[in-house]
Amino acid sequence: MRQVRPRTEGWQQQKDESGRPLLQFASPKRGKPPVHLADLTPEERVAKVKELGLPGFRAKQLAKHYFTHYTSDPAAMTDLPAEGREELVAGLLPPLLTEVRRLQTDGGDTIKFLWRLHDGALVESVLMRYPGRITLCVSSQAGCGMNCPFCATGQAGLTRNMSAAEIVDQIVRANQVIASGELGGKKADDHSAERVSNIVFMGMGEPLANYARVMQAVRVMVDKKEGLGMSARGITVSTVGLVPAIRKLAAEDIPVTFALSLHAPDDELRDELIPVNSRWKVDEALDAARAYFDATGRRVSIEYALIRDMNDHAWRADLLAEKLNARGKGWVHVNPIPLNPTPGSVWDASERSVQMEFVRRLNDAGVPTTIRDTRGKEIDGACGQLVATEDDQAAAAATAG
């Protein structure tokens, strides 16, 4: 049985003194983005508005314009007094994301956005229409410090954490695009709301390494009165396995969907595939995932990129089923994802027959398993493909002038 070992291609993994892949948990110190309405609690917004010399109730009006009408344009806010309106909007809705470019595919119903942040950092988000729902894949960090050898995003390491408002603004800007009819693919019999209904934290970055800001963003997303009013069940927070943060998430009392990017059931392989496994092993990550289910009643997703001759062996499917079943039934669902390969790479998708056998073994063992549809491959918008290229940098430099 062939066993391909993980290795980087076309780039060098950063290593520490002992030769292990370097993990970056702390964000490098850079100039912070301006404070925005979405960074603040409703109480803090009122205080900020009063600080600007206006009555506190203006904070709610501002929130409605931003979260319901998706606008930061003072001219559109005619219910606010003309005098002081520009200053209020500048003080609480500063511009955060500059659109550098967008690419469309799948008949126009997948859009990848490249955004430039205030300090020139580049991030991407991917908007996808499916029957009856619209999903946005958001970034939570510029770059990523988890250093996984198969993921394009991790090549450059971690630039910085994104603020809560920079995360939320990706959704508001996507909603603007949808509202103006720029997302294709709507069927005549689809009566779903024309706004983002589902969020997946599967863009750039490790969400749980930017815990406080990600949770502030989630609170704004689910706030029915002064936020985006989304369902927590439609929000998926993904991690490569930061165990203490998973346990913290379980205690938040916000029933988001939790996804663990596992990719190997055995420590020997996962140590190489997912460097954070050197800190928290497979069993520790699975125990924390099970504890999440116990605390929330929300079924956990196990993400598993199927890579030819590397992690797609039948015995690994059996081992994964055994480990999941050892923690009980009905608490988990496995999502194998055919890897998005580059031609001739060591990182290549499993053959179709191997994928089906992997899925069959898990299902036969009583573990619900379905292969996930990957979207946006032609525009490098699919899982593991989000990275700011030299072309992106050039486009950003051109628009910055």
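Residues numbered from 1 in each chain as written. Predicted model: local features only at pLDDT ≥ 70, side-chain atom pairs only at ≥ 80, totals over all residues. Heavy atoms only, no water.

All right, on to the packing of aromatic side chains then. Describing an aromatic ring pair means giving the distance of the ring centres and the angle of the ring planes. With the rule as written, the count across this model stands at six aromatic pairs. Between phenylalanine 113 and tryptophan 115, the ring centres sit 5.0 Å apart and the planes meet at 15 degrees, which makes this aromatic pair stacked. Assigned by exposure class, phenylalanine 113 and tryptophan 115 land together as buried. With a centroid separation of 5.6 Å and 45 degrees between ring planes, the pair formed by phenylalanine 150 and tryptophan 347 is classed as tilted. Of this pair, phenylalanine 150 sits in the loop between strand E5 (141–143) and strand E6 (158–161) while tryptophan 347 sits in the loop between strand E11 (332–338) and helix H10 (352–364); the two residues are 197 residues apart in sequence, bridging distant segments of the chain. What makes tryptophan 347 buried here is its relative accessible area of 7%. Taking NZ or CZ as reference, arginine 133 lies 4.2 Å from the ring centre of tyrosine 130, over its face. The ring of tryptophan 280 is capped by arginine 279, whose NZ or CZ atom sits 5.8 Å from the centre of that ring. (Phe/Tyr/Trp six-rings, centres within 6.5 Å; stacked < 30°, edge-to-face > 60°. Buried < 20%, exposed > 50% of the residue type's maximum accessible area, 1.4 Å probe, protein only. Helix = DSSP H or I, 4+ residues; strand = E, 2+ residues; numbered from the N terminus. Lys NZ or Arg CZ within 6 Å of the ring centre and 35° of its normal.)

Locating aspartate 266 in the fold gives a position in the loop between strand E9 (257–261) and helix H7 (267–273). A distance of 2.8 Å separates a polar atom in the side chain of aspartate 266 from a polar atom in the side chain of arginine 316. When near neighbours in sequence (up to four residues on either side) are disregarded, aspartate 266 contacts Val282, Trp315, Arg316 and Leu319. (Polar contact = N/O pair within 3.5 Å; in protein donor to acceptor, adjacent residues only side chain to side chain. Contact = heavy atoms within 4.5 Å.)

Our focus in this paragraph is the confidence of the model for the protein. Within the protein, residue pLDDT values average 91, and 91% of them lie at 70 or more. Confidence drops under pLDDT 50 across residues 381–386; counting only partners more than four residues distant or on other chains, this segment forms 27 contacts. (pLDDT = per-residue confidence, 0-100.)

Moving on to the UniProt feature "binding site: S-adenosyl-L-methionine" (unreviewed entry) in the protein. Look at the UniProt record and you will see "binding site: S-adenosyl-L-methionine" (unreviewed entry) annotated at Gly205, Glu206, Ser238, Ser261, Leu262, His263 and Asn340. Assignment of secondary structure puts glutamate 206 in the loop between strand E7 (198–201) and helix H5 (211–222). Here glutamate 206 is in contact with Ser140, Gln141, Cys144, Met146, Ser238, Thr239, Val240 and Leu242, once residues within four sequence places are set aside. Side chain to side chain, glutamate 206 and threonine 239 meet in a polar contact 2.9 Å long. Within the secondary structure layout, asparagine 340 lies in the loop between E11 and H10. (UniProt positions renumbered as here; feature names shortened; annotations may be inferred.)

Let us now look at empty space enclosed by the protein. All chains considered together, the criterion is met by three cavities of 30 Å³ or more. When its volume is computed, the largest cavity comes out at roughly 60 Å³. Lining of the largest cavity is provided by Trp11, Gln12, Gln13, Gln14, Leu22, Gln24, Cys144, Gly145, Asn147, Gly154, Gln155 and Gly157. Here the lining of the largest cavity is composed, by residue class, of three nonpolar, nine polar and no charged. Its boundaries defined by the atoms lining it, the second largest cavity holds a volume of some 40 Å³. Taken together, Asn325, Gly328, Lys329, Gly330, Trp331, Val332, Gly366, Val367 and Pro368 make up the lining of the second largest cavity. Tallied by class, the residues present in the lining of the second largest cavity amount to four nonpolar, four polar and one charged. (1 Å grid on protein atoms, 1.4 Å probe; cavity = no way out; pocket = protein on both sides within 12 Å on 5 of 7 lines; lining within 4 Å. Points joined across faces, edges and corners; volume = space filled by probe spheres on them. Nonpolar A, V, L, I, M, F, W, Y, C, P; charged D, E, K, R; others polar.)

What follows deals with the pairing of strand E8 (residues 235–239). Most of E8 is tucked away: five of the five residues are buried. Because side chains alternate across E8, one face comprises the buried residues Ile235, Val237 and Thr239, and the other comprises Thr236 and Ser238, equally buried. With three bridges connecting them, E7 and E8 associate as parallel partners. Counted as the bridge partner of valine 200 is threonine 236 from E8. The pairing of E8 with E9 spans four bridges and is classified as parallel. Counterpart to valine 237 in the pairing with E9 is phenylalanine 258. Handedness of the crossover joining E8 and E9 through helix H6 (residues 243–250): right-handed. (Pairing = 2+ DSSP bridges. Right-handed = clockwise from strand over helix to strand, strands pointing away.)

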